[in-house]
Amino acid sequence: MSALPPYATPGQRVWFYSFRVICGLIFFFLIAPIMVIIPLSFNAQDFFTFTPEMLALKPEGYSLKHYKDFFTNSDWQAALWNSLRIAPMATLLSVSFGTLAAIGLSQTHVPFRRTIMAILISPMIVPLIISAAGMYFFYSRIGLQGTYLGVVLAHAALGIPFVIITVTATLVGFDRSLTRASASLGADPVRTFFKVQMPLILPGVISGGLFAFITSFDEVVVVLFVGSAGQKTLPWQMFTGLREQISPTILAVATILVTVSILLLATVEILRRRSERLRGMSPG
Amino acid sequence: MADVTDATTARRAPTPDDAARLADSDQSGPMLAADGRPLKQSLQRALRREKLRALMLIAPLLLFVLVTFIAPIADMLFRSVENQIVGNTLPRTVEALADWNDDAEELPPEPVFRALFFDLFLAAEAKAHTRLGSRLNYETTGISSLFRSSGRRMDDVAEPFQDVLEQADPQFGDGAFWYRLMTGEGDADTSLLNDQRERLAALTREGMGGDIGFAPSAEIAALLPRAAREYSAFALFTARIDNDVVAEEDPWESVYVALALDLQDGGAERVQSYAGPGADALQAAAANADQLPVVDFREAFIEVDDGWGDRTNWETMKTYSPPFTSGYFLNSVDLQLTADGVEAREENQRIYVMLFQRTMFMSLVITFSCILLGYPVAWLLANLPMRTANLLMILVLLPFWTSLLVRTSAWKVLLQQQGVINDTLVWLGIVSDGGRLALINNQLGTIIAMTHILLPFMILPLYSVMKTIPPTYLRAAKSLGATNWTAFWRVYFPNSVPGIGAGSILVFILSIGYYITPELVGGTTGVFISNRIAYHISSSLNWGLAAALGTILLAAVLALYWVYDRMVGIDNVKLGG
Amino acid sequence: MKLSNMLLASIALAFAAGAGGAQDMTDDMTLVSWGGAYQASQQKAYVEPYLADNPEVSAVWDESSPEAVAKLRAMNEAGNITWDLVDVVASDAIRLCDEGLAMEVDHDEILAPAPDGTPASEDFGDLIVSDCFIPQIVYSTTFGYRSDVEEWGGNEPQDVCAVFDLDTFPGQRALEKRPINNLEWALLCDGVAKEDLYDVLETEEGQQRAFAKLDTIKDQTIWWSAAAEPIQALADGEVVIASTYNGRLFSAIAEQDQPIKMLWDAQVFDLDGWIIPEGLPEDRLARVKDFLNFATDTQRLADQAAYISYGPARASSAPMVGKHADLGIEMAPHMPTNPENAKNTILYNYEWWADYRDDLDAKFQSWLAQG
């Protein structure tokens, strides 16, 4: 349906265009909130409101003060720093454990495969409030509540399903005879892993890692329960902001994050194309 | 995005398993491997090794998830039935209450009140009584203040005893004397001390082991059992909690009461033959035993707070005395555990069944709207050239990556009565300024915002299934004379059903656990059960109820998860990678 | 718990060895507060000056006061107290003190006397509602309304019952999503005398009466759970009258210049102050005491009023309340305790609510949910 065939009837034509309009509206629905956030983040006032000056497109209705606030306010900077300290650690944990396990799971003979898989995916399925409550009680008992390690472990657990899912998906297309060839040429399993298998599944690993990273970077419920002041992340600060004070700084942060997201998404897309080239598929 | 295929059925080379089966099926005598073993055995060993290697690779992660994730969930499940606080705080009262027939129309007998005095005195010292009060207040309103006010006034009950004893012999006012008296001579009664260690450890949840510089003598323990018991508890508390030296501290008032009760209870005769340390003071006290007040503890308690004369409070205490209770689960389905068995809650207190129903209903509506909006988009994406599709895919993934909090607040800006949508509608003249639409702080607000938030979870699985439906099917149908609609409805749609199933269950599972979005845009009629769970965790502190509600929710999710696994297999979830 | 205790012990040992007994005070403090303008006022009035005097000290804020009781319980279970000083409302302080989660303090020993030598316990007076509680401010929950509502035809609300008067004052209202305060106001406007409020509310009929009164405005009410919501809703014109904390209204009116006015009638007084968590190690406790002595003295509490319109808890601070730090307006007329504003006030009954909270909350939620 890439194009309308020349022999289409008028009815088909109408349907073709109205369908596109419908899809356009749904896409609009999808990005509408983001389109609201971006202009509001340049609001000269301290409320989430389109002021008459903004609607009249007058320059005095707009300002960069919320961005300035984000870059100069120590709370926001501390939160950013905490997020940057927690998310990569959590990602590293979920990616390294997750990749190993995904390789294990893609072997032909894995006893209790279904059960194991169900357990490993469960952090994605169990409602966050339940995970958060459970971790809160349990981590309190073992002294991990309110510690950096506690938050990292919790976030790593939440990121694992994403790594498992993306890496197993990549391994589906992995040609096992390559490892056998490598072994028959005298490489030990470790060398085979790093020299043969890893480069081929790397795109899957990286995109799984990106998912895990975003999971941690955007997570607020669990960190609210498991963390304490020393682990106040960006989403936590945003949550406090929404609850306790009215400041479009939150929107400025969101705009920055959306920009970062676009960059990350572009990275994933480039990686995907590279991976398909490597696998000998057409880049589409 | 890769096609939907099960990893296990992907193209693969022959494996030891296949060979073993092959060897097995061979009837013509054992085949031998190069090392001389039967081939079958050798292959089976290889198979075992392979399984082991796979498990070794999985083990670290499995262990990690079990410890960091599954154990916390299990711990939470445990809290939903755990109820040790009553037995730990009032152990002797619970024991004494076991004999009380709560069908009878009277209050518990005197021994229950005596036990309560000692339990409550110690609990008040350890500041554990108000926590028990708040626990029981979940069941019967008013118990919280009953315990709080009574805990402070236990000293008043004890005062008359102390005065008489100190008049009989001033040594009773001296902590060092008490220490000598209780340490006595000869063997120590270690089992009594250990019982008290357990009692205090359960009450305070602190370690009570080790030497505390005191042990009651066996002789005194036989002579004055209550006093020895209460003094040991005092000694343990002094040494372990207050970190003081036992011999330097004056004992609690409860110890005087214990001694007085011992003396009134035949101890006055028994101490006549006693010759150990403090014998003179004991005998002086025994001589004055008739001056010790005969206190009716029941009366005394009712005087402290007439709540103790209310049978309902006692019935609640008895009903909730076992270490495990179904009470929290009953509460979470609007029932109540009372002395007369399970009863329905008062009509104006029933919320949870309604909330569960609402959560289910709204999740269904959200799932349905996601299908409605997700299907055309997924179809478009699946049928456009790869490059265009991937660009449009960014529009799907962008909201997915934007902070949930921010998207929810954005919806607030859009939907409120003075918000962007209403302003636009008024400007266009579609609605009048007075007739602005209520789009937020109700169910509609929750549905709109959550449909938006969960839509990518519908589009992604749908898209990956639709990618696998060959376009030739539709063309074939049409060439056989089907209209566009028939071709779609009879050929394409059935092929896409697995995608709808996968997406629906994913969206449904995610939506019934949502909490932040309904809280912010749901008003009063658009909140979910998760909001109550969060409330009970952080505000009302009724953790047991939160755990029970969570367990029920979890059970629902796991059932769906199981269905999902049966239908599509969990390893087939695709995330646009 | 054992493991964590052992860990703690070994860390403490290592620390003791390293410190070599130089000065027995830690240099790190974790202060727990509410975030927003209130926390900012604490930061400016006494945390920054204290840090300036003690450059070796660093202070971290944790905005967990709304969940303070729950988190302190969890910390206590774990035997690992990570907070040094916690800002809570009086009812939470009483609860924490009762449960042994907050430390009992001798107010005269650790707090500075008033400049004229009056001991701290007398200077704070009745506001010390619990042995663990070190009061800082008196705040109130009151109403703000839009001053530009055309439908009101020039009328302005004069008393709390305007909230229930949809004929004279049409438009949406915002009330807090909990029974506390709302039930009292409802009864008050249903003709119950102020001193009988809790007696009436204790009965089933009284509760029904309160809910029936709330029923009359139910479909015109937005229920808020976070304190920023009513202010945002007022600023947007989404609601015309809203209950909220007086300090936030002040900042919306005076600092943000919004068309909002205060309605002080039937304001509910409450207290906010510090508690020290039970079980702090000696060196941290020493630091906390040192800080507290400074942060709650007469001058510091008076200074705080220059940043937010909450009344200082010390009697001796009241005459020293001056002008707003940035706007230069007199702060005294904006205090909830100002006689002009405090003509008609309700005292929040802590004891009563401790008993009836669970019961009435269930009824309130059930009432809300019945659409």
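The numbering scheme is per chain: residues are counted from 1 as the chain's sequence reads. A letter from A marks each chain and a number from 1 marks each ligand, given out in the order of writing. Thresholds applied to this predicted model are a pLDDT of at least 70 for local features of residues and 80 or more for the giving and counting of side-chain atom pairs; totals over whole chains, interfaces and linings are not thresholded and use all residues. Side-chain descriptors were evaluated using all non-hydrogen atoms of the structure, hydrogens and water having been removed beforehand.

### Re the interface of chain A and chain B
Okay, so step 1: Of the residues lining the interface, 93 residues belong to chain A; the matching set on chain B comes to 100 residues.
Okay, so step 2: Summing both partners gives a buried area of about 9200 Å² for chain A against chain B, and 78% of it is carried by carbon and sulfur.
Okay, so step 3: Broken down residue by residue, the surface that chain A buries against chain B is led by F27(A), H109(A) and F137(A), which jointly contribute 8%.
Okay, so step 4: Here a salt bridge means any side-chain nitrogen of Lys or Arg lying within 4 Å of a carboxyl oxygen belonging to Asp or Glu. The tally of links from chain A across to chain B stands at one salt bridge.
Okay, so step 5: For D75(B), the salt bridge is made with R141(A), and the minimal N-O distance between the two is 2.9 Å.
Okay, so step 6: Residues belonging to the side of chain A that touches chain B are distributed by class as follows: 69 nonpolar, 14 polar and 10 charged. Contact definition: two residues touch when any of their heavy atoms are within 4.5 Å. Here's the idea: put two parts together, see how much 1.4 Å probe accessible area each one loses, and the total over both is what we call buried area. Polar here means any residue other than Ala, Val, Leu, Ile, Met, Phe, Trp, Tyr, Cys and Pro, which are nonpolar, and Asp, Glu, Lys and Arg, which are charged; Gly is therefore polar.

### Describing the state of the cysteines
Residues and elements named next belong to chain C.
Okay, so step 1: The disulfide definition used here is simple: a pair of cysteine sulfur atoms within 2.5 Å. Counted by the stated rule, this structure contains two disulfides over all chains.
Okay, so step 2: Linked covalently through their sulfurs, C97 and C132 form a disulfide whose S-S length is 1.9 Å. The sign of the 70° torsion about the S-S bond sets the C97-C132 disulfide as right-handed. Of this pair, C97 sits in helix α4 (residues 90–98) while C132 sits in the loop between α6 (120–124) and β4 (134–146), and the two are 35 residues apart along the sequence. Like C132, C97 is buried. By the criteria applied, helices consist of DSSP H or I runs no shorter than four residues and strands consist of E runs no shorter than two, each listed in order from the N terminus. Only protein chains enter the area calculation, which uses a 1.4 Å probe; residues under 20% of their type maximum are buried, those over 50% are exposed, and those in between are partly exposed.

### Brief notes about the pattern of salt bridges
All names here are of chain C.
Okay, so step 1: With the rule as written, the count across this model stands at 33 salt bridges over all chains.
Okay, so step 2: With a closest N to O distance of 2.9 Å, D148 and R146 form a salt bridge.
Okay, so step 3: On the basis of relative accessible area, R146 is assigned to the buried category, the value being 11%.
Okay, so step 4: Ionic pairing is found between D190 and R209, a salt bridge with its closest N-O pair at 2.8 Å. Taken together, the positions of D190 in the loop between α7 (182–189) and α8 (197–201) and R209 in helix α9 (residues 204–215) put the pair 19 residues apart, joining distant regions of the chain.

### What to know about the environment of Q171(B)
All names here are of chain B.
Okay, so step 1: Secondary-structure assignment places Q171 in the loop between α8 (154–168) and α9 (175–183).
Okay, so step 2: Sequence separation between Q171 and A281 is 110 residues; the distance between their C-alpha atoms is 7.0 Å.
Okay, so step 3: Every residue in contact with Q171, bar those within four places of it in the chain, is listed here: F177, R180, D280 and A281.
Okay, so step 4: Any pair of nitrogen or oxygen atoms within 3.5 Å is treated as a polar contact; in protein, a donor-acceptor pairing is required on top of that, and neighbouring residues in sequence qualify only through side-chain atoms on both sides. In terms of polar contacts, Q171 uses its side chain to reach the side chain of D280, at 3.5 Å.

### Quick word on a nonpolar patch on the surface
Okay, so step 1: Like-charged residues are merged into a patch within 9 Å and nonpolar side chains (Val, Leu, Ile, Met, Phe, Trp, Tyr) within 5 Å, provided each residue has over 30% relative accessible area and no salt bridge. Only the protein chains shown count as covering a residue, and every accessible area follows the Shrake-Rupley method with a 1.4 Å probe. The grouping of L63(B), L66(B) and V67(B) at the surface amounts to a nonpolar patch, some 260 Å² of accessible area in total.
Okay, so step 2: Note that L66(B) resides in helix α2 (residues 39–79).

### Considering a negative patch on the surface
Residue and element names in this part refer to chain B.
Okay, so step 1: A contiguous patch of negative charge, built from E125, D155, E159, D163, D242, D244 and E248, is present on the exposed surface.
Okay, so step 2: The element that contributes the greatest number of residues to the negative patch is α8, accounting for three residues.
Okay, so step 3: Turning to its location among the elements, D244 is positioned in the loop between α12 (225–241) and α13 (253–270).
Okay, so step 4: Classification of D244 by relative accessible area gives partly exposed; the value is 34%. Residues scored as positive are Lys and Arg, those scored as negative are Asp and Glu, and His as well as the terminal groups of each chain are ignored. Note on charges: their place is set at NZ of Lys, CZ of Arg, CG of Asp or CD of Glu.

### Describing the UniProt feature "transmembrane region" (unreviewed entry) in chain B
Residue and element names in this part refer to chain B.
Okay, so step 1: UniProt positions are given in the numbering used here, feature names are shortened, and annotations may be inferred rather than shown by experiment. Sequence positions flagged by UniProt for "transmembrane region" (unreviewed entry) are, in local numbering, residues 54–74, 360–382, 389–406, 444–465, 497–516 and 543–564.
Okay, so step 2: Note that residues 497–516 is 85% helix and 0% strand, and that its end C-alpha atoms are spaced 31 Å apart.
Okay, so step 3: Measuring from the first to the last C-alpha atom of residues 543–564 gives 30 Å, for a span that is 100% helix and 0% strand.

### Section: the UniProt feature "transmembrane region" (unreviewed entry) in chain A
Okay, so step 1: Annotation from UniProt places "transmembrane region" (unreviewed entry) at residues 21–42, 86–105, 117–139, 151–174, 200–226 and 246–271 of chain A.
Okay, so step 2: The span residues 86–105 of chain A carries 100% helix and 0% strand; its end-to-end C-alpha distance comes to 28 Å.

### Things to note about the pairing of strand β3 (residues 85–89) of chain C
Successive side chains on a regular strand alternate, one facing one side of the sheet and the next facing the other.
Residue and element names in this part refer to chain C.
Okay, so step 1: The buried fraction of β3 is high, at five of five residues.
Okay, so step 2: A two-sided burial pattern is seen for β3, the buried positions comprising L85, D87 and V89 on one face and V86 and V88 on the other.
Okay, so step 3: Paired strands are those between which DSSP finds at least two bridges. As judged from the two bridges shared by strand β1 (residues 28–32) and β3, these two strands associate in the parallel manner. Bridge pairing in β3 links V32 to V86.
Okay, so step 4: Judged from the four bridges that link them, β3 and strand β8 (residues 260–275) form a sheet pairing that is antiparallel. Each bridged residue has a counterpart across the sheet, and for V89 the counterpart in β8 is D272.

### Some thoughts on the packing of aromatic side chains
Okay, so step 1: Two rings belonging to Phe, Tyr or Trp (six-membered ring only in the last case) form a pair when the distance between their centres is within 6.5 Å. Interplanar angles under 30 degrees mark stacking, angles over 60 mark edge-to-face geometry, and anything in between is tilted. Applying the stated criterion across every chain yields a total of 62 aromatic pairs over all chains.
Okay, so step 2: Aromatic pair Y136(A) and F137(A): ring centres 5.7 Å apart, planes at 40°, arrangement tilted.
Okay, so step 3: Owing to a relative accessible area of 1%, Y136(A) belongs among the buried residues under this scheme.
Okay, so step 4: Note on criteria: charge over ring means Lys NZ or Arg CZ within 6 Å of the ring centre, with the direction from the centre no more than 35 degrees off the ring normal. Taking the ring centre of F118(B) as reference, the NZ or CZ of R229(B) above it sits at 5.5 Å.

### Examining the interface of chain B and chain C
Okay, so step 1: In this complex, chain B contributes 41 residues to the contact, which on the side of chain C involves 40 residues.
Okay, so step 2: For the pairing of chain B and chain C, the buried interface totals around 3600 Å² over both sides, and the portion due to carbon and sulfur atoms is 42%.
Okay, so step 3: It is K127(B), R131(B) and L541(B) that lose the most area in chain B upon contact with chain C, and together they represent 17% of the buried surface on that side.
Okay, so step 4: Linking chain B with chain C are seven salt bridges.
Okay, so step 5: The closest approach of N and O atoms between R148(B) and D98(C), which form a salt bridge, is 3.0 Å.
Okay, so step 6: Linking chain B with chain C are 20 residue pairs in polar contact (both at pLDDT 80 or more).
Okay, so step 7: At the level of secondary structure, the elements contributing two or more residues to the side of chain B that touches chain C comprise α6 (129–137), α7 (143–152), α18 (352–383) and α26 (529–538) of chain B.

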